[in-house]
Amino acid sequence: MERKLMESRPVVLKLGGSAITDKLNQEPNPRSDVISRAAAEIIKAHVKNLVIVHGAGSFGHPMAQEFMLKDGFREEGQKMGFAVTHNMVSVLNGLVMDALLVDDFPALSITPSSCVVASDGRIKRFEDQPLRMLLRMGITPVMYGDVVMDERIGFTVVSGDQLASVLAVKLDARKIIMAGNTDGVYDGDPKSPGAKPYSRLTLADLKKIEDKLGESAGTDVTGGMLGKIVELKPAVEAGIPVNVVNATRANSIYRALVDEKVEGTLIEKG
Ligand SMILES: Nc1ncnc2c1ncn2[C@@H]1O[C@H](COP(=O)(O)OP(=O)(O)OP(=O)(O)O)[C@@H](O)[C@H]1O
Ligand SMILES: [Mg+2]
């Protein structure tokens, strides 16, 4: 019985915007090779009860930064930035959906701005019934970092990281896989010589290494690696392990999905 329950607990996979787009460029450039390979690995792994979230990468962060969307509505000029940012992240979502659907994988996009309301930048309300019904039917829901309405500050940005963590706790996920563009969480800037990824971190370790976690190498309004870890902590505290892997390396997503040993960082409660 216990095993059956374990098996039915969902897995939340976040495809990082750092992997599926070129974030070093301010222009919205998809990395189509990474998107197609990620889709192929997801399909091959054939995980029951999978929820996919993807980041915004260069389709969202540069414009969100230019119009200061995360800090809320202040002036009329932001409205077009808000609307266009939503449209651009939806375009990226379309590319991810195409890659999944072209290979006959039943997946359906759920637009955060239509089912999430935030309060001061934090997800406050989330109409999750369609998502739960999709899961029960064996159709994979796909969400993404988006702009959403905010009851205190008008609108804001909700990152794919926040969504992945909140969804995992809501659904009592078996694990979270964060698939970005580094071989895990590093003990310094991943680009600096000598920096290495941690293979395992506990909640207690996370407190000690916070000063080693930095911003994104590209534009990111939701805090790069430090923001990601801050978002993931409540899920880890709830006992959900997080696997931080490299989506740009062949088979990392597949191995993480099928619980095989994979290069990266495993974050656990204790
Ligand atoms: N200690 C660290 N370990 C790993 N990456 C780090 C570290 N410090 C800073 N980083 C940076 O954080 C980046 C990951 O955060 P980033 O927000 O850019 O990716 P993402 O969440 O996949 O993208 P998106 O927000 O668009 O989904 C890495 O690519 C790296 O440049
Ligand atoms: Mg990010």
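Participant: Sorry if this is basic, but what is going on with the pattern of salt bridges here?
Facilitator: Charged atoms that come close allow side chains of opposite charge to pair. This model, assessed by the stated rule, comprises 21 salt bridges. A salt bridge links D120 to R152, with the nearest nitrogen and oxygen atoms 3.2 Å apart. Of this pair, D120 sits in the loop between β4 (116–119) and β5 (122–126) while R152 sits in the loop between β7 (146–150) and β8 (154–158); the two residues are 32 residues apart in sequence, bridging distant segments of the chain. Overall, D120 belongs to the partly exposed group, its relative accessible area being 47%. Between K175 and D259 there is a salt bridge whose closest N-O contact spans 2.8 Å. Taken together, the residues K175 in strand β9 (residues 175–180) and D259 in the loop between α11 (252–257) and β12 (265–268) connect sequence positions 84 residues apart. Residue K175 is classed as buried on the basis of its relative accessible area of 9%. Taking relative accessible area as the criterion, D259 reaches 48% and is therefore assigned partly exposed. The structure contains a network of salt bridges with shared partners spanning K14, D161 and K228.

Participant: I tried to follow the layout of surface pockets on my own but got confused; where do I start?
Facilitator: Any space left empty among the atoms is revealed by the rolling of a water-sized probe across them. In this model, the second largest pocket occupies a volume close to 380 Å³. K48, N49, L50, L135 and G138 are the residues nearest the centre of the second largest pocket, which is lined by 17 residues in total. Breaking the lining of the second largest pocket down by element, the ones donating at least two residues are α7 (129–137) and β6 (140–144). Sort the elements by how many residues they give to the lining of the second largest pocket and α7 lands first, with three residues. In terms of residue class, the lining of the second largest pocket is made up of nine nonpolar, five polar and three charged.

Participant: Sorry if this is basic, but what is going on with the packing of helix α8 (residues 160–170) against helix α10 (residues 224–237) here?
Facilitator: Helices that pack against each other are described as a pair by the angle of their axes relative to one another and the distance between those axes. Following both chains from N to C, one finds α8 and α10 inclined at 5°, their axes separated by 8 Å at the closest point. Relative to α10, α8 is oriented roughly parallel. Each of D161, Q162, S165 and V169 in α8 lies in contact with α10, whose residues at this interface are K228, E231, L232, P234 and A235. Across the contact of α8 with α10, the residue classes break down as four nonpolar, two polar and three charged.

Participant: Please clarify how the pairing of strand β11 (residues 242–246) should be interpreted in this entry.
Facilitator: In summary, the side chains of a regular strand alternate between the two faces of the sheet. Within β11, five of the five residues are buried, leaving the element largely enclosed by the surrounding structure. The alternating pattern of β11 places V242, V244 and N246 and N243 and V245 on opposite faces, both of which are buried. The pairing of β9 with β11 spans five bridges and is parallel. Opposite M178, over in β11, you have V244 as the bridge partner. Where β11 lies against β12, three bridges are found, and the strand directions are antiparallel. Bridging from a neighbouring strand, V242 pairs with I267 of β12.

The rules behind the values
Residues numbered from 1 in each chain as written. Chains lettered and ligands numbered in written order. Predicted model: local features only at pLDDT ≥ 70, side-chain atom pairs only at ≥ 80, totals over all residues. Heavy atoms only, no water. Salt bridge = Lys/Arg side-chain N within 4 Å of Asp/Glu carboxyl O. Helix = DSSP H or I, 4+ residues; strand = E, 2+ residues; numbered from the N terminus. Buried < 20%, exposed > 50% of the residue type's maximum accessible area, 1.4 Å probe, protein only. 1 Å grid on protein atoms, 1.4 Å probe; cavity = no way out; pocket = protein on both sides within 12 Å on 5 of 7 lines; lining within 4 Å. Points joined across faces, edges and corners; volume = space filled by probe spheres on them. Nonpolar A, V, L, I, M, F, W, Y, C, P; charged D, E, K, R; others polar. Axes fitted to C-alpha atoms, helices over the stretch in contact; angles between N-to-C directions. Parallel < 35°, antiparallel > 145°, perpendicular 65-115°, else oblique. Contact = heavy atoms within 4.5 Å. Pairing = 2+ DSSP bridges.

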